[in-house]
Amino acid sequence: MSAIERPAASFRPLIPAAVRLRELSATPLIMGVLLGVVFGASSLYLVLKVGLTVSASIPVAVISLTLFRLLGRIGLRSATILEHNIVQTAGSAGESIAFGVGVTMPAIMILGFDLEVGRVTVVAILGGLLGILMMIPLRRALIVQEHGILKYPEGTACAEVLKAGATSEERALGRDDGAPADEAAARSGATAIFAGFGAGVVYKLAMEAFRLWKDIPEKVFGAPLAAGSISAEISPELLGVGYIIGPKIASTMAAGGVLAYLVLIPAIRFFGGVSPGIIPPGTMPIAQMGPDDIRGAYVLYIGAGAVATGGIISLVRSLPMIWRGFAGGLADWRARRGAAPAEVLRTDQDLSPRFVFLGLFALVVAILLVHSLRMNLVGALLIVVFGFLFVTVSSRLTGQIGSSSNPISGMTVATLLLTCLIFLALGWTGSTYYVTALSVGGIVCIAASNGGTTSQDLKTGFLIGSTPRAQQIAILCGALVSALALGPILLALNDASTVYVPVAAAGAPTAKEGLPAPAWRVPTTSLASLPTDHIRGSQAASDPATYRVWQKTDTVGGAPGRYLVDASGAPRWLVDPGVNGTHRTRPDGTTVAKFAAPKATLMSYIIKGILGGKLPWTLVILGGMIAIALEMCGIGSLAFAVGVYLPISSSMPVFIGGLVRGLVDRGLKARLAHRNLSEAELIAETDKSPGVLVASGYIAGGAIAGIGIAFMAGVLGPFNQAVGDFMTANNPFYEGPCADALALIPFAGLIAGLYLAGRRSNTA
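In what follows, the accompanying structure is described. (Residues numbered from 1 in each chain as written. Predicted model: local features only at pLDDT ≥ 70, side-chain atom pairs only at ≥ 80, totals over all residues. Heavy atoms only, no water.)

## Observations concerning the environment of Gly305
Along the polypeptide, Gly305 turns up in helix α12 (residues 291-338). Residue classification places Gly305 among the buried positions, given a relative accessible area of 1%. Between the C-alpha atom of Gly305 and that of Tyr605, which follows or precedes it by 300 residues, the distance is 9.8 Å. Sequence-distant contacts of Gly305, that is, excluding residues within four places in its chain, are made with Val620, Gly623 and Gly624. (Helix = DSSP H or I, 4+ residues; strand = E, 2+ residues; numbered from the N terminus. Buried < 20%, exposed > 50% of the residue type's maximum accessible area, 1.4 Å probe, protein only. Contact = heavy atoms within 4.5 Å.)

## Thoughts on the nonpolar core
Membership of the largest hydrophobic core comes to 171 residues, with the highest contact counts inside it found for Leu44, Val101 and Ile607. In terms of residue count, the dominant contributor to this core is helix α16 (residues 432-464) (15 residues). The contacts of Leu44, once residues within four sequence positions are left out, are Ala98, Val101, Gly102, Leu486, Ile489, Leu490 and Leu493. Counting residues in hydrophobic clusters, the runner-up holds twelve residues, among them Val499, Val503, Trp520 and Val522. (Core = buried A, V, L, I, M, F, W, Y, C linked by side-chain atoms within 4.5 Å.)

## Overview of the side chain of Thr498
Relative to the assigned elements, Thr498 resides in the loop between α17 (468-496) and β3 (499-502). Here Thr498 falls in the buried class, since its relative accessible area comes to 6%. If near-sequence neighbours (up to four positions away) are discounted, Thr498 is found in contact with Gln539, Val575, Asp576, Pro577, Gly578, Arg586 and Lys594.

## Some points on the side chain of Arg211
Locating Arg211 in the fold gives a position in the loop between α9 (183-209) and β1 (218-220). Ignoring any residue separated from it by four or fewer positions in sequence, one finds Arg211 in contact with Ala206, Asn720, Val723, Gly724, Met727, Asn731 and Tyr734.

## Focus: the pairing of strand β5 (residues 546-552)
With three bridges connecting them, strand β4 (residues 532-534) and β5 associate as antiparallel partners. Bridging from a neighbouring strand, Thr532 pairs with Arg548 of β5. (Pairing = 2+ DSSP bridges.)

## Here's the deal with the packing of helix α3 (residues 81-104) against α16
Relative orientation of the contacting elements α3 and α16 amounts to 160°, with a least axis distance of 8 Å. As far as their axial angle goes, α16 and α3 are roughly antiparallel. In terms of crossing hand, the pair formed by α3 and α16 is right-handed. Broken down by class, the residue content of the contact of α3 with α16 amounts to eleven nonpolar, 14 polar and two charged. (Axes fitted to C-alpha atoms, helices over the stretch in contact; angles between N-to-C directions. Parallel < 35°, antiparallel > 145°, perpendicular 65-115°, else oblique. Left-handed = near helix turned anticlockwise from the far one by under 90°. Nonpolar A, V, L, I, M, F, W, Y, C, P; charged D, E, K, R; others polar.)

Written out as structure tokens, the structure is:
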């Protein structure tokens, strides 16, 4: 049986191929692109916080249905179901690009280079377009021919949302019974997501802008579990992530946090605390370390090894999928080339192979020509090879387990490991090749992420009867605009949380919240070649002078990092970045919320470890053994490893959200028992429930509020300080002996709202 004769060809979508409706028109495309930027910004904020994102397709689809319905009520034209699909297709690109940018690009700073907006933008554009172009020839093999095998859960759920908002005429075109559109369900979905968005914004502003309650309740244990601790960042976006990814992954991830904070850290303190000396890679005696100090010095490397090993294992398991996807694509192309000439159905029209090949060629040329990537021919070829492999893997895994569970970071780890090993064999170990290796990993990461998202969108289009060519154009536009926007947003988030730490002059005492006088100085002969900069943000008023920038990469005479040095070559300020920085208090006493960027830190460790020989391999191997032990027990190690790597404060609210989802799904399953739904149908039903939409609103609202708070930190510095001082003195929910317990009360209200929304799931 040839590829074009397989049973999937008999599938009939909601809108038949012979029917032509408005589809790729200006208003839906512009709306989708703008929503893509909004959700891309919120996803970037989320991935910098915890290294996770969730699919934006469903919330964008609901917003499209709502906005066009409002436009119709004021006399403007509404949209067809195919136009709504264009909105969600263009709008989903931002989330996938944000993940790749947040996972890789902050590693530039960790490796000792400047985070230039041009470099970030170029990597985002090249990776986003590469993933889409490589998915075009794979569409028939993975979306059409594997229909019924690869479920693409988010894409299927999004199609159900769009069908619920279809008009009675559109529903009558398909094979349904012609029943009128469920307008009540569409209105309920719109209400749910906007209610969640509003709750997320209000909650986040109350907690972080006005300090009405403590944002991270914590309990540090004493003997016999000394240095053990448990905490939770009680934010709406993390609660929403846990609800969407579900109880299984959320519980596994939280279990990794329990191992790190309630097993490994107390064990290190127990065994190492008796030593009066310093145990590398730590920089102080373990007896003097708190939980976060022990995590940063030791457990972080164990988690890195576990994540890297879990990523490689997931790659090895995916190799048969790679081969099947590649072989299926070739077989399909051969079958179509040998078939009798005939008019191609509307629902089978892709962008031409010539466009794909010319586009790939142009991308390779651009990769070689862009100086900021520091790319050579070997790196460009690795991008093409790894890009094709991992876009295929990403698409197949997305079809099986969904976008939220797709181990893109594991694929990126594997790409970096292989790239660095090739560079090491060629003798390319200088610092210049750090950026080259990271550029390879960044572009491949974004390509794989966008390839999975494109697959979900194409699945939605396949089910409702969209034109693939129109969808491919829409997601190309969405990816391009989001890539242009996310670079400046990443730099703005970093700048908003950057702390300039004063360095004492020689012979002067160390200033409060400052550093002692260093034992190094930049040679005056080198100063002229250094770039200039000045203090930015809320600290700019304290020192308007212009300095030279020195990137210190060693530990001789002082900590490595980015320094502002004066005309004599003496360091005056340490620039502690907002992403992965360690100084959380400015000289005036104001506190700063840093972005952990956990997976970007992992990428930098891999590059330094292989090319620079600076990784404590014993700790990394211990983490790898933890992942292997889990796999031997039949437990997927990647989610667990991410939990070991992240602060437990990040995984606990995700765990709570997963528990709420588990309770809701159990009740929904009982109420739907009379319909005898299959497992896939039940998952689709729960994925389109009001609970998922409210959780998506929590994520978008909390993240957008967080971005706004970060951007306004410099402008509202005195106001923030005044609010913080007042709440510290007068608010028992924010500061005091009972603050940790009292702060859980508003969070309990957020949990209750999510649970009640999930219980209102449509069970008709």
